[in-house]
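What follows is each chain in one-letter form.
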Amino acid sequence: MSLIGSDPRTQLAFSLYENKGVYAVMIGSGISRTASIPTGWEITLDLVRRIGLAQGEEEQDDWAQWYREKTGKEPNYSDLLADIAISPEERRSILHSYIEPTEQEAQDGLKVPTAAHLAIADLVKSGHVRVIITTNFDRLMENALREKGVEPTVISSVDALAGAEPLTHSRCYLLKIHGDYKDARILNTDEELSAYPEEYGVLLNRIFDEHGLIVCGWSGEWDHALRAAILRVPARRYPVFWASRGRVGDGAKELINHRRAIEIQIDGADEFFGSIAKKVEILNLSRQENPIKINLLIDMVKRALPKQDSFIQLDDIVSGELGHLSNNINSSDLSAMQAWSKEEFNRRVSFYESSAEGVVKIGLMLGRWGRDEHRLWALEILKNLVSTGSKNNGGNTVWLNLRLYPAVLFFYGYGLGLVRAEKWGELHKLFREKVVFDGRDAQLVVRSLFLEAWNNNTGLWRELEGLEKRRTPLSDHLYDLFSSWKNGLVGVDLNFEVLFGRFEMLGSLAYFEENELLELESAYQKSNGQIFAGMPLGRVGWNGTVHNGLIKALEADGWRAQILSAEFADGHSRKLDLFLENFKRACGRMLW
């Protein structure tokens, strides 16, 4: 028995996940019903009622039956509109009242995007859906997309089609095949729906031939030109999934048989699209770095590091992880053209961390246990990540800058390993290493990847959950992340907070030492008790227990001598004293 043969939703979710952008979604009035926007039949009955009342009839229990008795035929939406509204402009005005929310409806949350619209928008945002066809006149779909930070290419007329960006270049292509309720060129009578303009026919032929299809909320009965477009395309490159409540009509059954569609019984559009979006999300999470794989990677590196002849083995391991990470940095999921949103920022941060975990843990081990010859190797990894992450093809500056986050993580990982091993000279060389950014001159690592020297908008990191009120959100987040990554990598250490504080304090010192001694002396004399030289300061600044201990250690002979010998503060005792004074003032200001 097939594992998912009787579960078409899971089958659909797998197809969506594994074939990004291949499926088009086609929706009708049923998807907007829970937003209190009436279906075509409900509008038909209301128009019958309004006509009857205008003619002096009493309120009826069954207006459809009243219409049959009066006319001898079934109520027909198209016929009624043609009778009471001669021009397209008049028909648009009638529909406006059914779609546009009143002030009270807006207050009550009616006629706004439904859970189904938002779930579809999530699938678009994640890149799994790129094309949406709708027979609806309302704007709930485009409003949902914009709410999720996606700006769609909206086609609601032949004129709009002529001026739109090509289908293949659009992140989201929304075809409102019958028009928009604010445009008089809507198509809603039988005559208007019997045939589409030639340009629409060509576009639909392409979509139905090149894409799979997910149909929901559309009866498949009355839209003659749309039915014809589906029937005339013989190709079945990808499946069609047809979601419906209860039994479908004869017209829909003909389309289902023609495209050999997979039918899915649903309770409603909200429930259906919500479940599909959730399944795709679960599949995405299941593809994140496997903890078992990471543990195997660590074990291989640990075994290889002590061996003198292990460079080929280590190079294969590192190259594989680096290639995987570079591919993820350049993933189409992370387009810099996407609009900003808090949810997208959180997603990208998590994605980069998951993708970089293997490389960063290799960095921790190289710092902690690596030999001298491994230092150049670690620096080459860092330079590779900077080169990959700094490539700039334009777009949102937040997303462009975030491409360097894996390089920042590796820098911290390797640096923390060096601190644990007390390799102060190698740590100083790391801070002073120059890296080349795409289109820019080489810069010192400490001036480009350390705290706000990398991301001067540190408040941005308060968008992460739990960091909303933190004074040093980026530093706090990195501390929390490496606290979870350090086990088994940095060796026995009773106080990781002190280790982390050492790294960030020495980073501040390496940044500070770029100032000339004479300039520092002059600024100090004029400072009147204030901070006299700028430098990034992380969580060590407000953590009095940690920074007081570190200050005492740098004022005493033991660690102070080691730090000066490692060329921190240019090996100059006076410059180190000036740093300590500036550091104390900065800590005091942060505490205040």
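Note that the structure is predicted; figures quoted are calculated from it, not measured. (Residues numbered from 1 in each chain as written. Predicted model: local features only at pLDDT ≥ 70, side-chain atom pairs only at ≥ 80, totals over all residues. Heavy atoms only, no water.)

1. Structural notes on the confidence of the model for the chain
It should be kept in mind that the predicted coordinates are not to be read in detail where pLDDT is low.
Stage number 1. For the chain, per-residue confidence averages 87 on the pLDDT scale, and 92% of positions sit at 70 or higher.
Stage number 2. The least confident element of the chain, judged by mean pLDDT, is helix H10 (residues 190–193) at 60; the most confident is helix H21 (residues 424–432) at 97. (pLDDT = per-residue confidence, 0-100. Helix = DSSP H or I, 4+ residues; strand = E, 2+ residues; numbered from the N terminus.)

2. Observations concerning the packing of helix H18 (residues 372–389) against helix H20 (residues 405–420)
Stage number 1. The contact between H18 and H20 brings their axes to 8 Å, and the two run at 160°. In terms of orientation, H18 and H20 fall into the roughly antiparallel class. Pair H18 / H20 crosses with left-handed handedness. Here H18 contributes Arg375, Ala378, Ile381, Leu382, Leu385 and Val386 to the contact with H20, which in turn contributes Pro406, Ala407, Phe410, Phe411 and Tyr414.
Stage number 2. Along the lines of polarity and charge, the residues of the contact of H18 with H20 split into ten nonpolar, no polar and one charged. (Axes fitted to C-alpha atoms, helices over the stretch in contact; angles between N-to-C directions. Parallel < 35°, antiparallel > 145°, perpendicular 65-115°, else oblique. Left-handed = near helix turned anticlockwise from the far one by under 90°. Contact = heavy atoms within 4.5 Å. Nonpolar A, V, L, I, M, F, W, Y, C, P; charged D, E, K, R; others polar.)

3. Comments concerning the packing of H20 against helix H22 (residues 473–485)
Stage number 1. For the pair H20 and H22, the least separation of the axes is 12 Å and the interaxial angle reads 60°. Read as a crossing pair, H20 and H22 show a hand that is right-handed. On H22, the residues touching Tyr405, Leu409, Tyr412, Gly413 and Leu416 of H20 are His477, Leu478, Leu481 and Phe482.

4. Quick look at the environment of alanine 356
Stage number 1. Topologically, alanine 356 is positioned in helix H17 (residues 342–369).
Stage number 2. Among the residues examined, alanine 356 registers a relative accessible area of 0% and is labelled buried.
Stage number 3. Linking alanine 356 and lysine 584, residues 228 residues apart in sequence, is a C-alpha distance of 35 Å.
Stage number 4. The residues touching alanine 356, leaving out its near neighbours within four places in the chain, are Leu325, Pro406 and Leu409. (Buried < 20%, exposed > 50% of the residue type's maximum accessible area, 1.4 Å probe, protein only.)

5. A short note on the sheet that holds strand S2 (residues 129–134)
Stage number 1. Ordered by their spatial adjacency, seven strands build an open sheet running S3-S4-S2-S1-S5-S6-S7, and the pairing between neighbours is parallel. Whereas interior strands pair on both sides, the edge strands pair on one side only; in this sheet they are strand S3 (153–155) and strand S7 (262–265). Adjacent strand axes in the sheet meet at a mean angle of 15° when their direction is disregarded.
Stage number 2. Contacting strand S1 (23–27), S2, S3, strand S4 (173–176) and strand S5 (212–216), helix H11 (residues 198–210) runs over the sheet at an angle of about 130° to S4. (Pairing = 2+ DSSP bridges.)

6. Observations regarding helix H7 (residues 115–125)
Stage number 1. Here H7 lies mainly inside the structure; eight of its eleven residues are buried.
Stage number 2. For H7, every residue scored as buried is listed here: Ala116, His117, Ala119, Ile120, Ala121, Leu123, Val124 and Lys125.

7. Description of the nonpolar core
Stage number 1. One finds Tyr405, Phe411, Tyr412, Leu427, Leu449, Trp461 and Phe482 to be the most contacted residues of the largest nonpolar core, which totals 103 residues.
Stage number 2. Ignoring anything within four residues of it in the chain, the contact list for phenylalanine 411 reads Leu382, Leu430, Phe431, Val445, Leu449, Phe450 and Phe503.
Stage number 3. Counting 36 residues, the second-largest nonpolar core is a separate cluster that includes Leu16, Val25, Ile27 and Phe272. (Core = buried A, V, L, I, M, F, W, Y, C linked by side-chain atoms within 4.5 Å.)

8. What to know about unusual backbone geometry
Stage number 1. Backbone geometry at glutamate 422 places phi at a positive 55°, although glycine is not the residue there.
Stage number 2. Inspection of the secondary structure puts glutamate 422 in the loop between H20 and H21.
Stage number 3. Of note in the backbone geometry, leucine 451 takes a positive phi value of approximately 45° without being a glycine.
Stage number 4. Here leucine 451 lies in the loop between strand S9 (443–444) and H22.

9. A few points about the environment of arginine 348
Stage number 1. One can find arginine 348 in helix H17.
Stage number 2. Assessed through its relative accessible area of 0%, arginine 348 is described here as buried.
Stage number 3. Along the sequence, arginine 348 and tryptophan 399 sit 51 residues apart, while their C-alpha atoms lie 8.5 Å from each other.
Stage number 4. Those residues in contact with arginine 348, other than ones at most four positions away along the chain, are Asp333, Leu334, Ser335, Gln338, Trp399 and Leu402.

10. With respect to the pattern of salt bridges
Stage number 1. Evaluated as defined, the whole model comprises 26 salt bridges.
Stage number 2. Across the pair aspartate 476 and arginine 470 runs a salt bridge, and its minimum N-O distance is 3.1 Å.
Stage number 3. Notably, a salt bridge pairs lysine 575 with aspartate 570, separated by 2.7 Å at the nearest N-O pair.
Stage number 4. The network of salt bridges with common partners includes Arg470, Asp476, Glu497 and Arg539. (Salt bridge = Lys/Arg side-chain N within 4 Å of Asp/Glu carboxyl O.)

11. Considering the packing of aromatic side chains
Stage number 1. Considering all chains together, one arrives at 33 aromatic pairs under this definition.
Stage number 2. Between phenylalanine 482 and tryptophan 485, the ring centres sit 5.6 Å apart and the planes meet at 80°, which makes this aromatic pair edge-to-face. Of this pair, phenylalanine 482 and tryptophan 485 are both found in helix H22, three residues apart, which corresponds to roughly one turn of the helix. Across the pair, tryptophan 485 and phenylalanine 482 agree in class, each one buried. (Phe/Tyr/Trp six-rings, centres within 6.5 Å; stacked < 30°, edge-to-face > 60°.)

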